[in-house]
Amino acid sequence: MRRHLRIALATAATAALALCSSLGVAGGSATARARNDDHKCSDNVDVDGFSDGLDSRLYQKRYVGNLSGLAVDSDGSIAAVSDRSLLFRLKVQSQGGNPSAEPIGVTDLRDEQGYPSLDSEAVVIDSDKTRLVTSEIEPSIRLYDESGRNPVKLDMPKRLLVKPAGRAPDRNLTLEGLTLQPGGQTLIASMEGPLEGDGKDTAGHTLVRLQSWHREQGQAAKDFKIAAQYGYPIDKNPDNANKDLGISEIAATPDGRLLVLERGHSPQGNSARLYLADLSQATDVTNTENLPGSAHLVKKTLLADLVTCPDLGAPAKQPQHNKLLDNIEGMTVTGRTSDGKLNLLLVSDDNANVVQITRLYALTAKLPSSGS
């Protein structure tokens, strides 16, 4: 089993390297196009390009929109989940730094009774090609085979369920992000909003929960068991101090930390902030009824406020602080540069709204050391 896992991880690494090459990092070296201040969002993050090629597209009579989560498959293609119970397969390449994408497959996701009554928000692909997909309305994490069939649900902590079954007050603010840690033994999901009864930290930040599942090396995805839970402080919406941002996606880094995307919206436009989160010193709050209690919370470091990115001449269909931004919901790590930076692919969810855009973003992120 261990030999099988090593082979699977090596296959995934090869696929990530191939995808990295297709997105402009040939042979594992940095992109040929020199980065400069024209592409800098912060000292840690550059925006390499964007593409609206998927906006308002149809593929096999399905609307290619409402995209909420991304994951790299072992063949280098990208899985893109729609919150309308669809899982697209995309071929993504780079054109002058801009990520172009073409749909090359689509799967209808169904629940155990065969109904598309899901609000799919995030996707992870296991080493055996099992698709793990969150649904926000219950919430749940379902496992599907490569064909998108035979769903099996993981156990879910009762506290995270939507009221009255649990303490989540809103079916639209539950499991929005999902990632698999290096080595494949730990799965982590993020709640977008707080549970009823949870409070704020000393700085006034609302606290949401990150939930993990664990399996032993070589076990299948169905063997994930409920594990530690953590408290995470989210930011206020910069346009409205009475509203919070929400976690729209998380992605594991090669050293086991998490990239966390917090986003929000106001009449002035979209907000999006990219954080690096460290769970290593955080307290397991599984038995903490109401946060914060005595918990040590997840520590986070701001990598970039994406509002500060150059707009790259992007169009906007509604008011925006930065025309490049829209409702960014999905994010995945696609590879690494020779100097250790991470290549990221992000996507915005257009909500099938004529004034929103399905947009892909290519970013490069430099991570501070774990001790800083």
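Residues numbered from 1 in each chain as written. Predicted model: local features only at pLDDT ≥ 70, side-chain atom pairs only at ≥ 80, totals over all residues. Heavy atoms only, no water.

**A short note on the pattern of salt bridges**
Move 1: Under the definition given, this model contains 29 salt bridges.
Move 2: The partner of Asp235 in a salt bridge is Lys300, and the shortest N-O contact between them spans 2.8 Å. With Asp235 in the loop between strand 15 (225-233) and strand 16 (236-237) and Lys300 in strand 21 (residues 299-305), the pair connects residues that are 65 residues apart, well separated along the chain.
Move 3: Classification of Asp235 by relative accessible area gives buried; the value is 5%.
Move 4: One connected set of salt bridges, linked through shared partners, spans Arg159, Arg167, Asp198, Arg209 and Glu289. (Salt bridge = Lys/Arg side-chain N within 4 Å of Asp/Glu carboxyl O. Helix = DSSP H or I, 4+ residues; strand = E, 2+ residues; numbered from the N terminus. Buried < 20%, exposed > 50% of the residue type's maximum accessible area, 1.4 Å probe, protein only.)

**Section: the nonpolar core**
Across soluble globular proteins, nonpolar side chains have a tendency to be buried as a group.
Move 1: In this structure, Val45, Leu259, Leu306, Ile328, Leu344, Leu346 and Leu363 are the most contacted members of the largest nonpolar core, which totals 25 residues.
Move 2: Every element with two or more residues in this core is listed here: strand 1 (45-51), strand 19 (258-266), strand 20 (269-278), strand 21, strand 22 (328-336), strand 23 (342-348) and strand 24 (360-365).
Move 3: The contacts of Leu344, once residues within four sequence positions are left out, are Leu259, Leu274, Thr332, Val333, Thr334, Tyr361, Ala362, Leu363 and Ala365.
Move 4: Core analysis: the second largest hydrophobic core is formed by 20 residues, Leu132, Val162, Ala168 and Met191 among them. (Core = buried A, V, L, I, M, F, W, Y, C linked by side-chain atoms within 4.5 Å. Contact = heavy atoms within 4.5 Å.)

**A few points about the sheet that holds strand 10 (residues 140-144)**
Move 1: Spatial ordering of the open sheet is given by 8-9-10-11, a layout of 4 strands whose pairing is antiparallel. What marks the edges here is a single partner per strand, and that holds for strand 8 (120-125) and strand 11 (152-153). (Pairing = 2+ DSSP bridges.)

**Considerations on the state of the cysteines**
Move 1: With the rule as written, the count across this model stands at 1 disulfide.
Move 2: Cys41 shares a disulfide with Cys309; S-S distance 2.0 Å. One disulfide, between Cys41 and Cys309, carries an S-S torsion of 110° and so falls in the right-handed class. Of this pair, Cys41 sits in the loop between helix 1 (2-22) and strand 1 while Cys309 sits in the loop between strand 21 and strand 22, and the two are 268 residues apart along the sequence.
Move 3: The class of Cys41 is buried, set by a relative accessible area of 7%. (Disulfide = S-S within 2.5 Å.)

**Points about the environment of Glu192**
Move 1: With respect to the helices and strands, Glu192 occurs in the loop between strand 13 (186-191) and strand 14 (207-214).
Move 2: Take Glu192: its relative accessible area is 8%, and that puts it in the buried class.
Move 3: If sequence neighbours within four positions are ignored, Glu192 has contacts with Glu136, Asn172, Leu173, Thr174, Glu176, Val208, Ile234, Gly246, Ile247 and Arg263.

**Points about the side chain of Ser42**
Move 1: Position of Ser42 among the secondary structure elements: in the loop between helix 1 and strand 1.
Move 2: Judged by its relative accessible area of 17%, Ser42 is buried.
Move 3: For Ser42, the side chain forms a polar contact with the main-chain oxygen of Leu303, separated by 2.5 Å. (Polar contact = N/O pair within 3.5 Å; in protein donor to acceptor, adjacent residues only side chain to side chain.)

**Things to note about the pairing of strand 14**
The two faces of the sheet receive side chains in turn, since in a regular strand these alternate between them.
Move 1: Among the 8 residues that make up strand 14, 7 are buried, leaving the element largely enclosed by the rest of the structure.
Move 2: When strand 14 meets strand 15, the two strands line up antiparallel, connected through 7 bridges. Looking across to strand 15, one finds that Gln211 is bridged to Gln229.

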